[in-house]
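Take a look at the letters that make up each chain.
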Amino acid sequence: MPYAIEAKGIVKRYASGLTAVDGVNFQIPEGICFGILGPNGAGKTTTIRMSYGFIPLTAGDILILGRSISAEPRAVKALLGVCPQEDNLDPDFRPREGLAAYARFFGIPRPEALRRAAELLDFVGLAEKASASVRELSGGMKRRLAFARALVHRPRVLVLDEPTTGLDPQARHLVWEKVRSLKKEGVTILLTTHYMEEAAGLCDELLILDAGRILEQGSPRALIARHMGEIPVEVQDPSGLAYLRPPNLEDLFLRLTGRELRA
Amino acid sequence: MSPRLAFLVWRRNLEVYLRTWFVNFLPPFLEPLLYIAGFGLGVGSLVGNVPVGGGLEIPYARFIAPGMVAVAVMQQAFFECAYGSFIRMYYQKTFDALLATPCTLEDVAAGEIAWGATKALVSAAIMLPILAAFGLIAMPGSLWMLPAALLAGWAFAAGAFCLAAVVPNIDTFNLPMFLLIMPMFALGETFFPLPESGWMHAVGPWLPLTPLSRLCRSASLGTLAPLHALGVLLLYSLAALLLSMLGTRWMRRRLIP
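All figures in this text were calculated on a predicted structure; none of them were measured in a lab.

Colleague: Just checking my understanding: could you explain the overall build of chain A for this structure?
Modeller: Across its full length, chain A carries 9 helices and 12 strands. In terms of overall dimensions, chain A is globule-like: its C-alpha atoms have a radius of gyration of 19 Å, near the 18 Å expected for 263 residues. Projecting the C-alpha coordinates of chain A onto the three principal axes gives extents of approximately 60 × 45 × 40 Å. Long-range contacts, defined here as pairs at least 24 residues apart, represent 67% of the contacts in chain A between residues at least 6 apart.

This is the structure:
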């Protein structure tokens, strides 16, 4: 059986000379949630954009369900659901119409598209906003609408670039809950995030990138055990009281990628 | 390029356009009426008849009627694929969203430019019956203006799309607006016949709008030779094809790293 996503020696060198991704390999089996972590500039977004065909590869190839994104971009993009980092919802359409208009690009007939639009708006808790103006939606609502849009053609592989950045705790938990329920249905999920609790709570498998290369790969639990062992971490609360807690993913992340700030 | 996906991009724009159809149909409907009133009757009473060659003289209102069609074609196509495409590409990120569907950039560009050409055609199609009703253009000869509107509109739309691909920000459109569109509007044999000599005589015929306004005028007088018309249409088609390819390439360079 082919992998949901397979990256084979992928390289991205921009015209500026910057090598954002430098020979990365990974395989994502179907039905798991796979997270890419890394500080800013590590190559997460470049990797994810290459995987949905937005950025052409300098070298290597990415296979989605066994088919090359470089060789068959149209066919492969039809298999993927994409929720990008920036808001690119179409403000010219109201949510329900926008979903239906988007569905048309995947060859979904209009009655079916409208039915799915209603279903998805319900799924992300936006049924009441079906006919609101997209410009008037809050940041969290826009994010959820973008999430719904990524699902309109029932993709088997879902790509989420920082799906919860800027969301309040309620909206973030809603997205997590939806990701879990999609995973249960057998959808493969590739996501990037800056939130270690999100990575630890959602992802079966993690890839830690830095400077365009793979630093580590494994399940959250295995990674922590490998690098941090059972050594408790000493922390201080604001009153200066010190206490010990077990190591978590954030401790591991900082140990692997260092503490200095990135571009 | 996939014709089916390019058509869907075109249809997306059509759907948005029809959503506010009343506001969109109003300008091409009102504009000729205002021009006829202001220029045709107002200025026309001062100007009298205008020579159009071959010893023929026509009232000023009849002179500017086809000029108005040519100007509308240029402006509709230009505004749609300069400002309209830029807003969708830069502010709304509509192109980015479409690129996550099976569409490629070639499909998006083709759909956008085809839509600009369509808007040019629509404005000509709305103006034609109004001008004919006022007796300012001859029928059926004036029907030549429709294919001309589509193909010249295509060329202007593609040229505007090239600009949308390269301008750093939306204010930069002021430059082509004042250096290209306004001179064509004024000197493209739209509102007065080009003089027999002098700098206007030298520059005017080379403006990309001039062949269109001349074609429209001959069509409106019923004196257009079909072979000549086909030649002009072929010229605009070639320009449209070339500029479409160029605009697509530049837009790819801008959006795809």
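Colleague: It is not clear to me how helix α6 (residues 145-166) of chain B should be interpreted in this structure. Could you clarify?
Modeller: In an α-helix there are 3.6 residues to a turn, and that puts residues three or four apart on one side. In a regular helix each residue adds 1.5 Å, so 22 residues correspond to 32 Å; α6 of chain B covers 31 Å between its end C-alpha atoms and thus fits that length. Among the 22 residues in α6 of chain B, 19 count as buried, and that is most of the element.

Colleague: Please clarify how the interface of chain B and chain A should be interpreted in this entry.
Modeller: One frequent convention defines the size of an interface as the accessible area lost when the parts assemble. Contacts between chain B and chain A engage 19 residues on the former and 21 residues on the latter. Those elements giving two or more residues to the side of chain B that touches chain A turn out to be α1 (3-19) and α4 (94-99) of chain B. At 5 residues, the largest contribution of residues to the side of chain B that touches chain A is made by α1 of chain B.

Colleague: What am I meant to see in the packing of helix α3 (residues 60-91) of chain B against helix α5 (residues 105-133) of chain B here?
Modeller: Helix packing for two helices is described by the angle between their axes and how far apart those axes are. Residue and element names in this part refer to chain B. Remark: α3 packs on α5, axes separated minimally by 8 Å, with the N-to-C direction vectors making an angle of 155°. Taken together, α3 and α5 sit at an angle that is classed as roughly antiparallel. Of the two possible hands of crossing, α3 and α5 adopt the one that is right-handed. Here Ala65, Met68, Val69, Ala72, Val73, Gln76, Ala77, Glu80, Cys81 and Ser85 of α3 lie close against α5, whose contacting residues are Glu112, Ile113, Trp115, Gly116, Ala117, Lys119, Ala120, Ser123, Ala124, Met127 and Leu131.

Colleague: Teacher, can you tell me more about unusual backbone geometry here?
Modeller: With an omega dihedral of 5°, the bond running from Met139 of chain B to Pro140 of chain B counts as a cis peptide bond. One can find Pro140 of chain B in the loop between α5 and α6. A positive phi angle is found at Arg154 of chain A, which is not glycine, with a value near 50°. Secondary-structure assignment places Arg154 of chain A in the loop between α5 (139-150) and β7 (157-161).

Colleague: Which parts of the structure should I look at to understand helix α4 (residues 110-123) of chain A?
Modeller: All names here are of chain A. Between its terminal C-alpha atoms α4 stretches 19 Å, which fits the 20 Å expected from 14 residues at 1.5 Å a residue. Residues of α4 that are buried: Ala113, Arg116, Ala117, Leu120 and Leu121. Taken around the axis of α4, the buried residues stretch over an arc of 135°, which confines them to a single face. Residues Pro111 and Glu112 are exposed on α4 and point more than 90 degrees away from its buried face. Buried residues along α4 sit in contact with α3 (95-104) and α5. Of the residues one or two after α4, Gly125 is the one with positive phi, at around 70°.

Analysis parameters
- Residues numbered from 1 in each chain as written.
- Chains lettered and ligands numbered in written order.
- Predicted model: local features only at pLDDT ≥ 70, side-chain atom pairs only at ≥ 80, totals over all residues.
- Helix = DSSP H or I, 4+ residues; strand = E, 2+ residues; numbered from the N terminus.
- Rg over C-alpha atoms; globule rule 2.2 N^0.38 Å.
- Contact = placed C-beta atoms within 7 Å.
- Expected span 1.5 Å × (residues − 1).
- Buried ≥ 20, exposed ≤ 12 C-beta atoms within 10 Å, placed from the backbone.
- Axes fitted to C-alpha atoms, helices over the stretch in contact; angles between N-to-C directions.
- Parallel < 35°, antiparallel > 145°, perpendicular 65-115°, else oblique.
- Left-handed = near helix turned anticlockwise from the far one by under 90°.
- Arc of directions from axis to C-beta.

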